[in-house]
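# Coordinate inspection notes
Residues per chain, in single letters:
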Amino acid sequence: MNLDRSGDDQVLACGTPVGSLLALVADRAARRPDADSSTLARHVSGCAGCQRRLRELASGWEPVRREAAREVAVPPNLVEEALHGLATVRQRETSVEVVEAGGSIRVSRGALVLLVRQEVADFAAGTSTVGRPTVRVSADGVTVEVAARYGVRVPLAADALRRHLVASLDEHFGTAAPAVRVLVTDVLEP
Amino acid sequence: MERLVGHGDRELVEAAVGGADGAFDELVRRHTPRLYRVALRIVGDRADAEDVVQDAWISAWRALPRYRGDAEPSTWLYRVVTNAALGRLRRRRRMPEQPMTDAAAAILDTMPAPGGGPEAGVLRQERGDQVQRAIATLDSSQRVPLVLREFEGLDYEEIAAILGVGVPALRARLHRARVVLLGRLREVQ
Ligand SMILES: [Zn+2]
């Protein structure tokens, strides 16, 4: 019997495709019976030809089932290596280079996000116009998304917040300060 | 730092989208073993599988801004690692042919102690070796769904979502993959 080339087109005398029987075997081995297989399973339970072929297929599939049942050992340092590689890429791709008179420094995205969040909180405490921000840092600069309080004139509040942040970042980073964008994405119900 | 262990994957991904690196790191801790298993079954080589896992996490992190929540995090991660593994296979094909040296050893050196004495162990090792080698001969369009189904035990709908194909097309691929795999195993027995 050569299943490799033509076997999937083979049909038993009762009309059952051999491929469907093999699916039944594999699905049972995977312990995840497929919905479509129940009709076939009912047929097989009353068909000697199918049962014979099913046994052959099951014994052929046994090495796969055993292989699938075995635990694969994960290299012990893999998680740490993944975290380390990720940290390196993060640092390279999301820190902001700030050039100052004495040279340049890299400010991490995390530090920048914290700084901007704090500045938004200070602004919100002073004006009661906006809520908690979502802060994103990319190569293009800082994007702040906030919800404005109900009744606040959104363009004015957004512009005031933007100017507050620009002033604060200028103070920290001088001419190298990253660009700031403020988006009002939601309204806080009163 | 906030304890993230009790959070669901979806919460972690959403926090990571919002810039919480710690949440993404927790996903890495949680899912690296699974990603490695899939990568190893697909690329068949331990060192390559480790590289695939690394590539996958970096791709996932870069893709975070585009994560829209329409896929389950696990589906998304399977898709990312599968793509990384396929990328590795494509690059390897362009390089001089490398034998699948490490594959069986990687998988087999973790086998539980055989119950039937040393001979049974050797026999089992050879069989496992044969399965892995037979899988390595499958075309990647057959190998990937086979790994996700037979080794990861995912259901058809999830595999179809990971591969971006319909369920009938997936069935056809899996069907072909199983028949070919069984044929290859018979050739060596
Ligand atoms: Zn029949």
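Residues numbered from 1 in each chain as written. Chains lettered and ligands numbered in written order. Predicted model: local features only at pLDDT ≥ 70, side-chain atom pairs only at ≥ 80, totals over all residues. Heavy atoms only, no water.

### Let's talk about the overall build of chain B
For chain B, the count of helices and strands is 9 helices and 0 strands. When the helices and strands of chain B are read in sequence order from the N terminus, they spell out α-α-α-α-α-α-α-α-α. By the burial criterion, 50% of the 189 residues in chain B qualify as buried. Taken as a whole, chain B presents about 8,500 Å² of accessible surface, with 50% of it coming from carbon and sulfur. (Helix = DSSP H or I, 4+ residues; strand = E, 2+ residues; numbered from the N terminus. Buried < 20%, exposed > 50% of the residue type's maximum accessible area, 1.4 Å probe, protein only. Areas by Shrake-Rupley, 256 points an atom, 1.4 Å probe, with all protein chains shown as cover.)

### What to know about the nonpolar core
In terms of nonpolar packing, the biggest core is built from 79 residues, with Trp61 of chain A together with Phe24, Trp57 and Trp76 of chain B touching the most fellow members. In contact with Trp57 of chain B, other than residues within four places in its own chain, are Ala82 and Leu86 of chain A together with Phe24, Leu27, Val28, His31, Thr32, Leu35 and Leu77 of chain B. Formed by 22 residues, the second largest nonpolar core is a distinct cluster that contains Val120, Val144, Leu165 and Leu169 of chain A. (Core = buried A, V, L, I, M, F, W, Y, C linked by side-chain atoms within 4.5 Å. Contact = heavy atoms within 4.5 Å.)

### Examining the coordination of the zinc ion
Residues and elements named next belong to chain A. The zinc ion binds to the protein through Cys14 (SG), His43 (NE2), Cys47 (SG) and Cys50 (SG), with metal-donor distances spanning 2.1 to 2.3 Å. Taken together, the 4 donor atoms coordinating the zinc ion span angles of 104 to 118° at the metal, a pattern that classifies the geometry as tetrahedral. All donor residues of the zinc ion come from one chain, and their arrangement in sequence is C-x28-H-x3-C-x2-C. With Cys14 in the segment before helix 1 (18–29) and Cys47 in the loop between helix 2 (37–45) and helix 3 (48–69), the pair connects residues that are 33 residues apart, well separated along the chain. For Cys14, a relative accessible area of 37% puts it in the partly exposed group. Take Cys47: its relative accessible area is 12%, and that puts it in the buried class. (Donors = N, O, S within 2.8 Å, 3.2 Å for Na, K, Ca; no water. Tetrahedral: all angles 85-135°; square planar, octahedral: opposite > 155°, others 65-115°.)

### Structural notes on the sheet that holds strand 5 (residues 180–188) of chain A
Residues and elements named next belong to chain A. With respect to topology, 3 strands assemble into an open sheet ordered 3-4-5, the strand pairing being mixed. The open sheet has two free edges, formed respectively by strand 3 (134–138) and strand 5, since each of these has just one partner strand. Strand-to-strand twist across the sheet, computed as the mean angle between neighbouring axes with direction ignored, equals 20°. Judged from the 5 bridges that link them, strand 3 and strand 4 (residues 141–149) form a sheet pairing that is antiparallel. Paired with Val137 across the two strands is Val142, which belongs to strand 4. (Pairing = 2+ DSSP bridges. Axes fitted to C-alpha atoms, helices over the stretch in contact; angles between N-to-C directions.)

### Describing helix 6 (residues 154–173) of chain A
Residues and elements named next belong to chain A. With 20 residues, helix 6 should reach 28 Å at 1.5 Å per residue; the first-to-last C-alpha distance of 28 Å fits that figure. Residues of helix 6 that are buried: Ala157, Ala158, Leu161, Leu165, Ser168, Leu169 and Phe173. Each buried residue of helix 6 sits inside an arc of 115° when the element is viewed along its axis, so together they form one side. Facing away from the buried side of helix 6 by over 90 degrees, the exposed positions are Pro155, Leu156, Arg163 and Glu171. Positive phi appears at Gly174, one or two residues downstream of helix 6, with a value of about 65°. (Expected span 1.5 Å × (residues − 1). Arc of directions from axis to C-beta.)

### As for the confidence of the model for chain B
If pLDDT is low for a region, its predicted coordinates should not be looked at in detail. Residue and element names in this part refer to chain B. Residues at a pLDDT of 70 or more form 79% of chain B, whose mean pLDDT is 83. Across chain B, the element-wise mean pLDDT spans from 44 in helix 5 (residues 103–108) up to 95 in helix 2 (residues 21–43). For this predicted complex, the interface confidence reaches an ipTM of 0.80, while the overall pTM sits at 0.69. (pLDDT = per-residue confidence, 0-100.)

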